[in-house]
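Observations on the three-dimensional arrangement
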Amino acid sequence: MTHTSVKTAGAGLSAVALLLLADATPSAHADTSPEPGNYLMLGVSHGEDPAAGAEGGTLLRCDPPGGGHPRAEEACAQLSAADGRITALPAEDALCPMIYAPVTAHAEGVWRDRPVSWSETFPNVCTLRAHTGALFALDGT
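Under the annotation held in an unreviewed UniProt entry, the protein chain carries the name Serine protease and is attributed to Streptomyces griseorubens. Regarding the protein chain, the relevant UniProt record gives this comment under Subcellular location (unreviewed entry): "Secreted".

**Details of the sheet that holds strand β5 (residues 114-122)**
Pairing within the open sheet is antiparallel, and its five strands lie in the order β3-β2-β1-β4-β5. One side of each edge strand has no neighbouring strand; the edge strands of this open sheet are β3 (66-67) and β5. In the sheet, strand β1 (residues 38-46) pairs with strand β2 (residues 58-61) via four bridges, with the strands oriented antiparallel. Bridge assignment links Leu-42 to a residue of β2, and that residue is Thr-58. Docked against the sheet, helix α2 (residues 72-81) engages β1, β2, β3 and β4 (103-111), running at close to 60 degrees with respect to β2.

**So, the environment of Asp-139**
Turning to its location among the elements, Asp-139 is positioned in the segment after α3 (125-132). Classification of Asp-139 by relative accessible area gives exposed; the value is 52%. Taking the C-alpha atoms as reference points, Asp-139 and Thr-58, separated by 81 residues in sequence, lie 10.0 Å from one another. Apart from the residues lying within four places of it in its own chain, the contact partners of Asp-139 are Pro-70 and Arg-129. Looking at Asp-139, its side chain comes within polar contact range of the side chain of Arg-129, at 3.0 Å.

**Here's the deal with the packing of aromatic side chains**
For the structure on display, the rule yields one aromatic pair. Seen from the ring of Trp-111, Arg-112 lies directly overhead, with NZ or CZ sitting 4.7 Å from the centre.

**What to know about the pairing of β2**
Because side chains alternate across β2, one face comprises the buried residues Thr-58 and Leu-60, and the other comprises Leu-59 and Arg-61, none of which is buried. The sheet contact formed by β2 and β3 spans two bridges and is antiparallel. The residue bridging Leu-60 from the neighbouring strand is Gly-67, located in β3. Linking two consecutive strands that pair antiparallel, namely β2 and β3, is a turn of four residues; a positive phi of about 65 degrees is found at Asp-63 within it.

**Some thoughts on α3**
Of the positions making up α3, those classed as buried are Thr-127, Leu-128, Ala-130 and Thr-132. Lining the buried residues of α3 we find β1, α2, β4 and β5. Among the residues of α3, the N-terminal cap falls to Asn-124, whose side-chain oxygen and the backbone nitrogen of Cys-126 are separated by 3.2 Å.

About the cut-offs
- Residues numbered from 1 in each chain as written.
- Predicted model: local features only at pLDDT ≥ 70, side-chain atom pairs only at ≥ 80, totals over all residues.
- Heavy atoms only, no water.
- UniProt positions renumbered as here; feature names shortened; annotations may be inferred.
- Pairing = 2+ DSSP bridges.
- Helix = DSSP H or I, 4+ residues; strand = E, 2+ residues; numbered from the N terminus.
- Contact = heavy atoms within 4.5 Å.
- Axes fitted to C-alpha atoms, helices over the stretch in contact; angles between N-to-C directions.
- Buried < 20%, exposed > 50% of the residue type's maximum accessible area, 1.4 Å probe, protein only.
- Polar contact = N/O pair within 3.5 Å; in protein donor to acceptor, adjacent residues only side chain to side chain.
- Phe/Tyr/Trp six-rings, centres within 6.5 Å; stacked < 30°, edge-to-face > 60°.
- Lys NZ or Arg CZ within 6 Å of the ring centre and 35° of its normal.

What follows is the structure, given as structure tokens:
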């Protein structure tokens, strides 16, 4: 906390000076919540039930990229290119095994002032990553 002492001839001028200094000093309790319209809570659960992993997850904030997402910059860039539509993310070329180990990805939040509630089940993690890029690379890989 910063303390400032201002001595002037007039009490009114001192009060005005203190108010101006208070406005110029950053608050110790600055709001760190996501900017409106730029965040998604992301999660991946094993199985076909989207509700199984609906609690918790990883926060992705954009503008600026951040939150707890390990590849936030890349994920935000991909979302921006797709205008926030997860289904419009370009699929990557990948050779995925034909092993059925379903995973359900889910996203809840707001993208550019539009509500987002999305969930889809993929046959395995490889297929999920091929269709969603960095968005659901929640382990950093």
